[in-house]
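# Breakdown of the fold
Take a look at the letters that make up each chain.
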Amino acid sequence: MERDIQYLKGVGPKRARLFRTLGVNTIKDLIFYMPRELETVQDVSAMRNEVEDKAKVSLNGVIVTSPFLRKTRGNLSILSAEVAGNLGRFKLVWFNQPFLKNKIIVGKSISVKGVYNKQYRQITVNEYKFNNALVKNDTKKQTQYFRPIYPVTDGLTQSQIQQCISIAIKKYEHQLVEYLPKEIMEMFNLCEIKKCIISVHNPKSKDEWIEAKKRFIFEEILTFKSALLLGKENISRQSGIKHRLGQSLIDQFSKKLKFKLTEDQQKVITEIIADMTSLKPMNRLLQGDVGSGKTVVAAYSLFLTVCNGYQGAMMVPTEILAEQHYYNLKDFFAFFDINIELLTSSTKGKSESYKRIKNGEVDIIVGTHAILQEKVEFKKLALIVTDEQHRFGVEQRSSLRNKGEHPHVLVMSATPIPRTMSQIIYGDLDISYIKQLPKGRKPIKTYSTTPNNRNRVFDFIKKEISKGQQCYIVCPLVEESDKVSGLAVTQYYDMVKNYFDNVKVGLLHGKMNSRQKEEVMNGFKKGETSILVSTTVIEVGVDVSNANIIVIENSEKFGLSQLHQLRGRVGRGSIQSYCILVCHTNSSTAKQRMKIMTKTVDGFDISEEDLKLRGPGEFFGTRQHGIPEFKHFDMLKHQDYIQPATEAAEVILKNKETESYRLFFDKIKEFAKNYLD
Ligand SMILES: Nc1ncnc2c1ncn2[C@@H]1O[C@H](COP(=O)(O)OP(=O)(O)OP(=O)(O)O)[C@@H](O)[C@H]1O
């Protein structure tokens, strides 16, 4: 079975090349090559009246009229002929195959598959075969059968794939040995591998096909969950850096805070302290909605590390965010002797900085992925905090981990991920939630409008600015473009400046250099600028509590979760905040999305909706976020499988030394090695 596909009878080097483009390299790959759907084919030769319009049908009959060929104005050719089957005459139609005209001979018998047009008793032919044998009058014949449909490629048809698979199964069936532990199969009522393979490629009934598919879905998610649990088990077996609590120091830090922690913040801090003072490395995800106050939680953990004589690192996805966290942490630690440094690709005097990190002069380093460079070596790194983890790849997470000796890891995510999804992406982490927002926050009022109402929107902004508030306006593009539609910040900035006399307006986008960005951001933070016209560079983390309006132009162009993130830039203090979505299209999908935004303020609900609307692939560009490309498992359709698969994974890890589990456990190790390392 492990032999190269070209050695299968009927394949050869040329066809093997085509198979390889489908990811089929060996005979085993072919046997496990899965159909994407099951087609039900009705046999109209024996049909009663029940065959529906547009149904996929097959027919055996005898050609009874000469072929008729005509050309349409668009140069399309239509070839037709009539056949007589058991139940009368049908018209067959071929599109763009004029060359068949000579083969269609009255009296010849033919089998066809195609799509039925009920009104004209006509079949648009997709596949045909001329037969030598006469058509039998067999009315007891099966009236419907099932045909698996495979992903194909140019030069390789459905029937060729089907034929090769059936040759492969016939020859190698005996090598299909069950590898799932018997106990697991019984516990979860799974169908045996040989039977599944046969049923999935040649099902006798739809139920049989579904049963077989079930096993493959379960097995796939089970392998993945087991690998995640194995990774988790490996980390927890390492000895972590045990911190002392130093409660009095923690109390000192609390006393210097400008606000009282919420109960959720307090609870999460307790969980983190418990992790860091234990013998195992912490491996925790902190999920909290926008503006729920995750930064202060990070500050507590960093403080604990530094007080214990270690270094901490905080890695974030953008320079703006790195700078903001850097200043926030400086502010939090103003009363303590803690050295914090910023490291991004545009930091000046990096080599000096590297030295200070290496010799331990720097206590906390805040930066972008510039921290991951080889040159950055720590003296005693004990805590890694990453913000917006899902923007970093899995490899980056582990490469930062390798900069210390089993450091503690705290992952913060501001994008609320639906539970099912976080169980998959973050299945190897313990999860803490901050659900409450700090006291006194008012729900953001969200409105949807059209560009025609822009002057009214601007007048509203004028009114709020006159009360001392500030406003963000977000546009999707930096500059106008012929290729992509949408408003550009540069032009919009000029328009806003013209409209608002005596109001200071700032412009911010990713093409500006770091110094310019920092200046603009600082001007806005200090309240010197009242309106900030920006691209989505402000999307994550930007925290200016005096800003109470965000206008999002071309709001139809953003995903719901992204709109929620952007909206989260306001409502970060006790004043009433507003989010105005300017939608430039009338489409029903856009309307539906705007409605969700105006009705829902909860980030978890929004991401659930977003996932439904866009599907997991687009929701998070999958590979980047550590979700493998599943062949069978669908995050939306198969949520029910996650819990049982998790239970099964736990059983497997517990019994991994038992003989009957060994075969499958080896597969899990192999998968973990390829995927998680
Ligand atoms: N317990 C609290 N009471 C009052 N204000 C708080 C509290 N905790 C945090 N804040 C303030 O709330 C604002 C938002 O906090 P923070 O920036 O940490 O949110 P976040 O969870 O990181 O949000 P985002 O995901 O949008 O970055 C900050 O101005 C912070 O100082």
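Residues numbered from 1 in each chain as written. Predicted model: local features only at pLDDT ≥ 70, side-chain atom pairs only at ≥ 80, totals over all residues. Heavy atoms only, no water.

In the nomenclature of an unreviewed UniProt entry, the protein corresponds to ATP-dependent DNA helicase RecG from the organism Proteinivorax tanatarense. The record in UniProt for the protein states the following under Sequence similarities (unreviewed entry): "Belongs to the helicase family. RecG subfamily." (UniProt positions renumbered as here; feature names shortened; annotations may be inferred.)

## Points about the overall build of the protein
Scanning the protein for helices and strands turns up 21 helices and 21 strands. Within the protein, buried positions represent 52% of all 677 residues. Roughly 32,600 Å² of accessible area belongs to the protein as shown, and the carbon and sulfur atoms make up 49% of that amount. (Helix = DSSP H or I, 4+ residues; strand = E, 2+ residues; numbered from the N terminus. Buried < 20%, exposed > 50% of the residue type's maximum accessible area, 1.4 Å probe, protein only. Areas by Shrake-Rupley, 256 points an atom, 1.4 Å probe, with all protein chains shown as cover.)

## Concerning the packing of helix 8 (residues 263-276) against helix 9 (residues 295-307)
Helix packing geometry: the angle between the two helix axes and the distance between the axes. In contact at an axis separation of 10 Å, helix 8 and helix 9 are set at 30° when each is read in the N-to-C sense. One way to sum up the angle between helix 8 and helix 9 is to call them roughly parallel. In this structure, helix 8 meets helix 9 at a crossing whose hand is right-handed. In this structure, helix 8 uses Gln265, Val268, Ile269, Ile272, Ile273 and Met276 to contact helix 9, whose residues at the interface are Val296, Val297, Tyr300, Ser301, Leu304 and Thr305. (Axes fitted to C-alpha atoms, helices over the stretch in contact; angles between N-to-C directions. Parallel < 35°, antiparallel > 145°, perpendicular 65-115°, else oblique. Left-handed = near helix turned anticlockwise from the far one by under 90°. Contact = heavy atoms within 4.5 Å.)

## Some remarks on helix 3 (residues 158-172)
Under the 1.5 Å per step criterion, the end-to-end length of helix 3 is 21 Å for 15 residues, consistent within 8% with the ideal 21 Å. Listed as buried for helix 3 are Gln158, Ile161, Cys164, Ile165, Ala168, Ile169 and Tyr172. Looking straight down helix 3, one finds that the buried residues subtend no more than 135° of arc, so they occupy a single side. The exposed set on the far side of helix 3, more than 90 degrees from its buried face, consists of Lys170 and Lys171. (Expected span 1.5 Å × (residues − 1). Arc of directions from axis to C-beta.)

## Topic: the packing of aromatic side chains
Aromatic ring pairs are reported here in terms of the distance separating the ring centres and the angle at which the planes meet. Enumeration according to the criterion identifies 23 aromatic pairs in this entry. Their ring planes at 65° and their centres at 5.1 Å tell us that Tyr326 and Tyr327 sit as a pair that is edge-to-face. Look at Tyr327 and you get partly exposed, because its relative accessible area is 36%. Aromatic ring contacts, followed pair by pair, group Phe253, Tyr300, Phe303, Phe332, Phe333 and Phe336 into a single cluster. Positioned above the aromatic ring of Phe90 is the side chain of Arg121, whose terminal nitrogen or guanidinium carbon lies 4.3 Å from the ring centre. Stacked on the ring of Phe500, the Lys or Arg Lys462 has its end atom at 5.8 Å from the ring centre. (Phe/Tyr/Trp six-rings, centres within 6.5 Å; stacked < 30°, edge-to-face > 60°. Lys NZ or Arg CZ within 6 Å of the ring centre and 35° of its normal.)

## Things to note about the pairing of strand 9 (residues 283-288)
Within strand 9, six of the six residues are buried, which leaves the element mostly enclosed by the surrounding structure. Pairing analysis gives five bridges linking strand 9 to strand 14 (residues 408-413), with the strands arranged parallel. Among the inter-strand pairings, Arg284 is bridged to a residue of strand 14, identified as Leu410. (Pairing = 2+ DSSP bridges.)

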